[in-house]
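Each chain, letter by letter, is given below.
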Amino acid sequence: MVVLLDRLLVAVAVIREHDQALARALATEGLQIVKCTEAQQEMSASLVLGMQINGAARCYTLAALDQAGMCLNDHLGGEEIVIFHLPASWVATTYIRRIGEQVISFEAMDGDVKDRDSGSVWNFRGEAMAGPRTGVRLVHVDSAVQEWYVWAAYHPETEIVL
């Protein structure tokens, strides 16, 4: 138990260090990360996209995803991730944004999600549909849209992107 606690404390310290950089990056898009205990009152029945990777839990309000647009590049639990989202809907899913050793960044352009490196067009199933990466698939991350209180009940130490 002590070894597990020590590992958890080290992981939390690494995550906190990274989260400070992440918070600065998300702030440029007008988004912020808060802890579960800071959001209890205002969140109540809000819808969130929740995920847990390597013990790190985070959820994103659908309002924050709407603000970010069709894709949001992020980092969680030591993995580089991308969230594909259809604004003003419940459609949202998450993928690892690594192909081999290369981390791919995505952006919304002309109504499509494209990777910045090759300009390939990606669908919401995580598959490149046009461009040099046609046929390449991203690894899906278990994630689901649900009400905030359900997510928080099972992930009390979660971070929330508002």
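Residues numbered from 1 in each chain as written. Predicted model: local features only at pLDDT ≥ 70, side-chain atom pairs only at ≥ 80, totals over all residues. Heavy atoms only, no water.

### Brief notes about the sheet that holds strand 5 (residues 79-85)
Okay, step 1: On the basis of which strands lie adjacent, the open sheet formed by four strands has the order 4-5-6-13 and antiparallel pairing. Edge positions in the open sheet fall to strand 4 (71-76) and strand 13 (139-141), since each of these has one partner strand only. Between one strand and the next, the sheet's axes are offset by a mean angle of 35°, whatever the strand orientation.
Okay, step 2: When strand 4 meets strand 5, the two strands line up antiparallel, connected through six bridges. (Pairing = 2+ DSSP bridges. Helix = DSSP H or I, 4+ residues; strand = E, 2+ residues; numbered from the N terminus. Axes fitted to C-alpha atoms, helices over the stretch in contact; angles between N-to-C directions.)

### Quick look at a nonpolar patch on the surface
Okay, step 1: On the surface, a cluster of nonpolar side chains totalling about 360 Å² of accessible area is made up of Tyr149, Val150 and Tyr154.
Okay, step 2: One can find valine 150 in helix 4 (residues 148-154). (Patch = residues over 30% accessible without salt bridge, like charges linked within 9 Å, V, L, I, M, F, W, Y side chains within 5 Å. Areas by Shrake-Rupley, 256 points an atom, 1.4 Å probe, with all protein chains shown as cover. Salt bridge = Lys/Arg side-chain N within 4 Å of Asp/Glu carboxyl O.)

### A few points about the confidence of the model for the protein
Okay, step 1: On average, the protein scores 85 in pLDDT, and the residues at 70 or more come to 75%.
Okay, step 2: Below pLDDT 50 for its whole length, residues 1-6 participates in zero contacts with residues either more than four positions away or in separate chains.
Okay, step 3: Counted against residues more than four places away or in other chains, residues 8-14, with its pLDDT under 50, gives zero contacts. (pLDDT = per-residue confidence, 0-100. Contact = heavy atoms within 4.5 Å.)

### Thoughts on the pattern of salt bridges
Okay, step 1: Taken as a whole, this structure holds six salt bridges when the rule is applied.
Okay, step 2: The partner of glutamate 159 in a salt bridge is arginine 58, with the nearest N and O atoms 2.8 Å apart. Taken together, the residues glutamate 159 in strand 15 (residues 159-161) and arginine 58 in strand 3 (residues 56-61) connect sequence positions 101 residues apart.
Okay, step 3: Note on arginine 58: relative accessible area 0%, which makes it buried.
Okay, step 4: Here glutamate 127 makes a salt bridge to arginine 137, at a shortest N to O gap of 4.0 Å. Of the two residues, glutamate 127 sits in the loop between strand 11 (121-122) and strand 12 (128-130) while arginine 137 sits in the loop between strand 12 and strand 13, which places them ten residues apart along the sequence.
Okay, step 5: Here the residues in one salt-bridge network are Arg58, Asp74 and Glu159, joined through shared partners. (Buried < 20%, exposed > 50% of the residue type's maximum accessible area, 1.4 Å probe, protein only.)

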